[in-house]
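Descriptive structure summary
In case you want the letters, here they are:
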Amino acid sequence: MGQAGCGGLCLSLFDYKTEKYVIAKNKKVGLLYRLLQASILAYLVVWVFLIKKGYQDVDASLQSAVITKVKGVAFTNTSDLGERLWDVADYVIPPQGENVFFVVTNLIVTPNQRQNVCAENEDIPDGACSEDSDCHPGEAVTAGNGVKTGRCLWRENSTRGTCEIFAWCPLETRSRPAEPFLKEAEDFTIFIKNYIRFPKFNFSKSNVIDAKDRASLKSCRFGPKNHYCPIFRMGSVIRWAGSDFQDIALEGGVIGINIEWNCDLDKAASECHPHYSFSRLDNKLSKSVSSGYNFRFAKYYRDAAGVEFRTLIKAYGIRFDVMVNGKGAFFCDLVLIYLIKKREFYRDKKYEEVRGLEDSSQEAEDEASGLGLSEQLTSGPGLLGMPEQQGPQEPLEAERGSSGQKGNGSVCPQILQPSRST
């Protein structure tokens, strides 16, 4: 029984199976079948091809360069700085014009700081003391402003003392202006120049329209109906991001400017447009002690005696991040390879035939044998297998002359017959 089963299994390996189709003459089933086919076809045509454009090749490796410039001036008159005019060199950091830049809108200025000894701020926990032994000499104050000298200083009407420190004195004042220091910054302008390239399709474009008149470019402002003007009013950008300029200018914040390039390269290059969106990137709803955006920097000087001093500036302002995204879509290679007249040319350029080692060696042998045959034909015993000529031959011109024909200046290949020996 076991041998018979094994034999049947072995014989079944050589069986051939083919499909059998049964045509059912049923209108309901046939209609349902055709509706299913029509649904699949409609899905492919409408969704895949028309909506999602599945026939296109997509390049998402966008290459981009961003250049920025800020313009505008502001005038201030304070007790610390006096009358002063602020231009772009004073309030834009960094000045190189990169895709991330900072505009100063508010300041805390501490002028004429010199390296000396003074009392640490009272709100620094590590700087509090009740006696000199609490201030270890040479120890840096944690989250403070200097190094302890070993003395504990008491102020009038104070319940506790603070350590004396060696630092840049006087220390930074803690009072912040109640309104933005540079209120005119709302009317400053931001020039954003963006170059993009889709390397796969070798397509490049800029967000600046080609304008021969520079005056028109300088006077334009970006708006819903003017997307090719790259000059933005700062107050408008803040408003489009959903924030109020007075609030963000007081404590600082981060604004994102997103440029989207989604181009259908089947159309003309003029149909590829940039699309802008604006958003507040920091958490504006969180009113914590760390909300906003600020940092410190100093400007250093020397007096007549050569002693160094500085002006410390705590800058509040708006950081702008220009982000560029996009993709380019182009009709796929199907058209180039199969549909147009020069399809064979594009197919040969796209696909390169690569032979294996055995094929290459065989081709080399065939070429070598062909060369050997040609050498035999040219250097053999006679031309085209004919025997060598035994006697001397008359020159070609003499032979022509003997036949009575005049030369017409052309040289025609002829097969010379062997001369007869007399």
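In this text the structure is predicted, and so the values were computed from the model without any measurement.

**Focus on the state of the cysteines**
- Tallying each qualifying case throughout the model produces 5 disulfides.
- With a sulfur-sulfur separation of 2.0 Å, Cys-220 is cross-linked through a disulfide to Cys-229. Linking Cys-220 and Cys-229, the disulfide has an S-S dihedral of approximately 85 degrees and is accordingly described as right-handed.
- Cys-263 shares a disulfide with Cys-272; S-S distance 1.8 Å. Looking along the S-S bond of the Cys-263-Cys-272 disulfide, the torsion reads about 45 degrees, which is the right-handed sense.

**Concerning the UniProt feature "binding site: ATP" (unreviewed entry) in the protein**
- Under the feature "binding site: ATP" (unreviewed entry), the UniProt entry names Lys-69, Val-70, Lys-71, Thr-189, Asn-294, Phe-295, Arg-296 and Lys-314. Cross-referencing the annotated residues with the lining of the largest pocket gives Lys-69, Lys-71 and Thr-189.
- Considering the arrangement of structural elements, one finds Asn-294 in strand β15 (residues 294-302).
- Take Asn-294: its relative accessible area is 32%, and that puts it in the partly exposed class.
- Apart from the residues lying within four places of it in its own chain, the contact partners of Asn-294 are Lys-314, Ala-315 and Tyr-316.
- The topology assignment puts Arg-296 in strand β15.
- On the accessibility criterion, Arg-296 (44% relative accessible area) is partly exposed.
- Other than its neighbours up to four places away in sequence, Arg-296 contacts Glu-172, Arg-174, Leu-312, Ile-313 and Lys-314.
- Side-chain polar atoms of Arg-296 contact the side chain of Glu-172, separated by 2.9 Å.

**Digging into the layout of surface pockets**
- Roughly 330 Å³ of volume is contained in the largest pocket.
- Those elements that provide at least two residues to the lining of the largest pocket are β2 (63-71), β10 (189-198) and α4 (214-219).
- The calculated volume of the second largest pocket comes to roughly 270 Å³.
- Considering the residues around the second largest pocket, the lining is formed by 16 residues, among which Thr-78, Asp-80, Leu-107, Pro-177 and Phe-181 are closest to the centre.
- Of the residues belonging to the lining of the second largest pocket, the class tally is 7 nonpolar, 6 polar and 3 charged.

Cut-off values and rules
Residue numbers run consecutively from 1 along every chain, following the written order of its sequence. Residue-level local features of this predicted model are given only where pLDDT is at least 70; pairs of side-chain atoms are given and counted only at 80 or more, and the full residue set underlies all totals for whole chains, interfaces and linings. Each side-chain value is derived from all of the structure's non-hydrogen atoms; neither hydrogens nor water enter the calculation. Two cysteine sulfur atoms form a disulfide, by the criterion used here, when they sit within 2.5 Å. UniProt positions are given in the numbering used here, feature names are shortened, and annotations may be inferred rather than shown by experiment. Here a cavity denotes a set of grid points, spaced 1 Å apart and computed over the protein atoms alone, in which a 1.4 Å probe fits but from which it cannot get out, and a pocket denotes an open set meeting protein on both sides within 12 Å along at least five of seven lines; residues with an atom within 4 Å of a point are reported as lining. Note on conventions: DSSP H or I runs of at least 4 residues are helices, E runs of at least 2 residues are strands, and numbering of each starts at the N terminus. Between buried and exposed lies partly exposed: a residue is buried under 20% and exposed over 50% of the maximum accessible area for its type, with that area taken using a 1.4 Å probe on protein chains only. Two residues form a contact once any of their heavy atoms are found within 4.5 Å. Any N or O atom pair separated by 3.5 Å or less is treated as a polar contact, with the protein-specific requirement of one donor-capable and one acceptor-capable atom, and with residues adjacent in sequence counted only for side-chain atom pairs. Grid points are joined across faces, edges and corners, and a volume is the space filled by probe spheres set on the points. Residue classes follow a fixed rule: Ala, Val, Leu, Ile, Met, Phe, Trp, Tyr, Cys and Pro count as nonpolar, while Asp, Glu, Lys and Arg count as charged, and any other residue, Gly among them, counts as polar.

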